Amino acid sequence: MTDTLTEAVPAPPTAEDLDRLTAATDFLDHDHETVRAFVDKALQGIDRATATPVELAVALYYAVRDGIHYEVYGADLSPQGLKASSIITGGKGFCLHKSVLYAAACRSVGIPARLHYSDVRNHLASDRLRSYIGGDVFFHGLATVYLDGQWLKVTPVFNKLLCRLYGMTPLEFDGRSDSLYHPFDAQGRQSMEFLTDHGDFDDVPYEFVMGNMRRKHPKFLDAEGTGTVSGGSLADEAS
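Just so you know, these numbers come straight off a predicted model, no measurement behind them. (Residues numbered from 1 in each chain as written. Predicted model: local features only at pLDDT ≥ 70, side-chain atom pairs only at ≥ 80, totals over all residues. Heavy atoms only, no water.)

Engineer: Sorry if this is basic, but what is going on with the sheet that holds strand β3 (residues 113-122) here?
Structural biologist: Strand pairing in a sheet relies on backbone hydrogen bonds. The paired strands run either parallel or antiparallel. If you walk across this open sheet you meet the four strands as β5-β4-β3-β6, and the pairing is antiparallel. The open sheet has two edge strands with one neighbour each: β5 (150-154) and β6 (192-201). When the angles between neighbouring strand axes are averaged without regard to direction, this sheet yields 30°. The pairing of strand β4 (residues 137-147) with β5 spans five bridges and is antiparallel. Residue pairing in the sheet places Thr-144 in a bridge with Lys-153 of β5. The sheet strands contacting helix α5 (residues 95-108) are β3, β4 and β5, and the helix crosses β4 at an angle near 10°. (Pairing = 2+ DSSP bridges. Helix = DSSP H or I, 4+ residues; strand = E, 2+ residues; numbered from the N terminus. Axes fitted to C-alpha atoms, helices over the stretch in contact; angles between N-to-C directions. Contact = heavy atoms within 4.5 Å.)

Engineer: Would you mind showing me how to read the pairing of β4 here?
Structural biologist: Within a regular strand, the side chains alternate between the two sheet faces. The element β4 is extensively covered by neighbouring structure, given that nine of its eleven residues are classed as buried. The pairing of β3 with β4 spans nine bridges and is antiparallel. Looking at the pairing, Ser-118 lines up with His-140 of β4. In this structure, the hairpin formed by β4 and β5 is closed by a connection of two residues, where Asp-148 is found at a positive phi of approximately 50°. (Buried < 20%, exposed > 50% of the residue type's maximum accessible area, 1.4 Å probe, protein only.)

Engineer: Help me out: how do you make sense of helix α8 (residues 206-216) in this one?
Structural biologist: For an α-helix, 3.6 residues make a turn, and residues three or four places apart therefore share a direction. Of all the residues in α8, the buried ones are Tyr-206, Val-209, Met-210, Gly-211, Asn-212 and Met-213. Elements that come into contact with the buried residues of α8 comprise α5, β3, β4 and β6.

Engineer: Mind showing me how you'd approach the packing of helix α3 (residues 53-67) against α5 here?
Structural biologist: Helix-helix packing is described using two parameters, namely the angle between the two axes and the distance between the axes. Taken N-terminus to C-terminus, the directions of α3 and α5 make an angle of 150°; their axes are 10 Å apart at the nearest point. On the basis of their axis angle, the class for α3 and α5 is roughly antiparallel. The hand of the α3/α5 crossing is right-handed. Contacts between α3 and α5 involve Ala-57, Leu-60, Tyr-61, Val-64 and Arg-65 from the former and Lys-98, Leu-101, Tyr-102, Ala-105 and Cys-106 from the latter. Taken together, the residues that form the contact of α3 with α5 break down as eight nonpolar, no polar and two charged. (Parallel < 35°, antiparallel > 145°, perpendicular 65-115°, else oblique. Left-handed = near helix turned anticlockwise from the far one by under 90°. Nonpolar A, V, L, I, M, F, W, Y, C, P; charged D, E, K, R; others polar.)

Engineer: It is not clear to me how the packing of aromatic side chains should be interpreted in this structure. Could you clarify?
Structural biologist: Evaluated as defined, the whole model comprises 13 aromatic pairs. Measuring from centroid to centroid gives 5.3 Å for Tyr-146 and Trp-151, while their planes differ by 55°, and the two rings are tilted. Judged by its relative accessible area of 10%, Trp-151 is buried. Above the plane of the ring of Trp-151 lies Arg-114, whose end atom (NZ or CZ) is 3.9 Å from the centre. (Phe/Tyr/Trp six-rings, centres within 6.5 Å; stacked < 30°, edge-to-face > 60°. Lys NZ or Arg CZ within 6 Å of the ring centre and 35° of its normal.)

Engineer: Looking at this structure, how should I read the side chain of Ser-85?
Structural biologist: Structurally, the position occupied by Ser-85 is in helix α4 (residues 84-90). Its relative accessible area of 5% is what places Ser-85 among the buried residues. Within the structure, the side chain of Ser-85 is placed 2.6 Å from the side chain of Asp-29, a separation counted as a polar contact. When sequence neighbours within four positions are dropped, the list of residues in contact with Ser-85 reads Asp-29, His-32, Thr-34 and Val-35. (Polar contact = N/O pair within 3.5 Å; in protein donor to acceptor, adjacent residues only side chain to side chain.)

Engineer: How should the environment of Asn-122 be read in this particular structure?
Structural biologist: Take Asn-122: it is sitting in strand β3. What makes Asn-122 buried here is its relative accessible area of 14%. Counting along the chain gives 71 residues from Asn-122 to Glu-193, while the straight-line C-alpha distance between them is 6.8 Å.

Engineer: Which parts of the structure should I look at to understand the pattern of salt bridges?
Structural biologist: Taken as a whole, this structure holds ten salt bridges when the rule is applied. Note that Arg-65 and Asp-66 form a salt bridge whose closest N and O atoms lie 2.8 Å from each other. Relative accessible area serves as the criterion here: at 3%, Arg-65 is assigned to the buried category. The salt bridge partner of Arg-65 is Glu-172, with a shortest N-O separation of 3.5 Å. With a gap of 107 residues between them, Arg-65 in helix α3 and Glu-172 in the loop between α7 (160-165) and β6 connect regions that are remote in the sequence. Within the structure, one salt-bridge network assembled from shared partners comprises Asp-17, Arg-20 and Asp-202. (Salt bridge = Lys/Arg side-chain N within 4 Å of Asp/Glu carboxyl O.)

Next comes the structure, spelled out in structure tokens:
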């Protein structure tokens, strides 16, 4: 574990790693027909035989960023709800969900991918969300992908509509450098900073994720403890 998200440089995957990091898992279930259909739609018009991994990773990034609605309320955090196939079916989720789907989609086209977790300070959350979170420090999920000899950190989370409502510039990804966070909003105000890096995981570390959610954001979870509180909309709370 490191204190920032940029201190540690992950080693490149060995030949033995490649099969593991492109395989389907319980959560990254890219062998599911729903995930295959999502990837096919995202890559429609792209010749996979000639496209580079960078081109595929970028196309999949925008499909996840803008094709799955970002919503923190009423999110399913059960083991079933955090499967890539279920996220597509539900059509919405927040960072924990969208990073899972992106990692699964990348693996489906042979791009090594993992999940990555950190704690971030988000200065642009709504007052209602801060009351549930217990402040402005959030447990956060993203993905890491291996492209052109380097591991990149990728955040296909905040869709264009939500960014516009909160006065943020949408986070882009070119497949050659990290796509991490919005350090400033469109008016030059600081919007997010990374605090603690929890590292990479080959699949969703479910108990680790939920342990962090229960410990850090207990009021954000529903009565069953398998989802977030309902009855709200982050878009409606934009001011």
